[in-house]
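Single-letter residue listing:
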Amino acid sequence: MACAIVSEGERTELVLDFFYADAKGQFAAAQALYDINQPFTQKAVNEGGSLAWGGLLKFGGSWTFAQGWDAPSGSREMYFYRADHS
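Not measured: the values here are computed from a predicted model. (Residues numbered from 1 in each chain as written. Predicted model: local features only at pLDDT ≥ 70, side-chain atom pairs only at ≥ 80, totals over all residues. Heavy atoms only, no water.)

Enquirer: Mind showing me how you'd approach a nonpolar patch on the surface here?
Expert: Residues Phe-19, Phe-27 and Trp-53 make up a contiguous nonpolar surface patch of about 360 Å² in total accessible area. The exposure class assigned to Phe-27 is exposed, which follows from its relative accessible area of 67%. (Patch = residues over 30% accessible without salt bridge, like charges linked within 9 Å, V, L, I, M, F, W, Y side chains within 5 Å. Areas by Shrake-Rupley, 256 points an atom, 1.4 Å probe, with all protein chains shown as cover. Salt bridge = Lys/Arg side-chain N within 4 Å of Asp/Glu carboxyl O. Buried < 20%, exposed > 50% of the residue type's maximum accessible area, 1.4 Å probe, protein only.)

The structure is reproduced here in structure tokens:
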């Protein structure tokens with residue numbers, strides 16, 4: 001599990017962002033959606049995830065997270081991503 005995101009307000013959603021080995025044994029990311037009032041019943045799963053080990057932050061109305069996994073080999077760069085609402 002890389003991180004868990006709980007929605008605010010009237011929506012009672014929990015998203016778990018996780019790392020796993022796919023059917024071919026390759027590393028992959030995914031996200032699973034739950035209702036926090038029924039946390040043992042998965043509502044949906046989506047291939048692809050942020051793997052934001054440091055968590056996600058809602059800033060200026062957009063989800064933001066830091067990621068270093070996609071930096072060039074040997075680099076110590078950190079990238080910041082945010083949700084695009086367009």
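Enquirer: Is there a simple way to explain the environment of Tyr-79 in this structure?
Expert: With respect to the secondary-structure elements, Tyr-79 resides in strand β7 (residues 79-82). Residue Tyr-79 is classed as partly exposed on the basis of its relative accessible area, which comes to 30%. Through-space distance from the C-alpha of Tyr-79 to that of Gln-67 is 5.2 Å; in sequence the pair is 12 residues apart. For Tyr-79, the contacting residues outside a window of four places in its chain are Phe-65, Ala-66, Gln-67, Asp-70, Ala-71 and Pro-72. (Helix = DSSP H or I, 4+ residues; strand = E, 2+ residues; numbered from the N terminus. Contact = heavy atoms within 4.5 Å.)

Enquirer: In this structure, what is going on with the packing of aromatic side chains? I would like to understand it.
Expert: Taken as a whole, this structure holds two aromatic pairs when the rule is applied. Judged by centre distance (5.9 Å) and plane angle (50°), the rings of Phe-18 and Tyr-20 are tilted. (Phe/Tyr/Trp six-rings, centres within 6.5 Å; stacked < 30°, edge-to-face > 60°.)

Enquirer: Honestly, the confidence of the model for the protein in this entry has me stumped. Any pointers?
Expert: Low-confidence regions, as indicated by low pLDDT, have predicted coordinates that should not be scrutinised in detail. Here the protein averages 82 in pLDDT, and 95% of its residues register 70 or above. The lowest-confidence element of the protein is strand β6 (residues 62-67), averaging 76 in pLDDT; the highest-confidence one is strand β4 (residues 38-47), averaging 92. (pLDDT = per-residue confidence, 0-100.)

Enquirer: Please explain the sheet that holds strand β5 (residues 57-59) as it appears in this structure.
Expert: To summarise the sheet geometry, strands pair through backbone hydrogen bonds and adopt either a parallel or an antiparallel arrangement. Strand order across the open sheet formed by three strands is β5-β6-β7, with antiparallel pairing between neighbours. Since the sheet does not close on itself, it has two edges, and those belong to β5 and β7, each with one partner. For this sheet the average axis-to-axis angle between neighbouring strands, irrespective of direction, equals 35°. Relative to β6, β5 runs antiparallel, the two sharing three bridges. Looking at β6, one finds that Leu-57 is bridged to Thr-64. (Pairing = 2+ DSSP bridges. Axes fitted to C-alpha atoms, helices over the stretch in contact; angles between N-to-C directions.)

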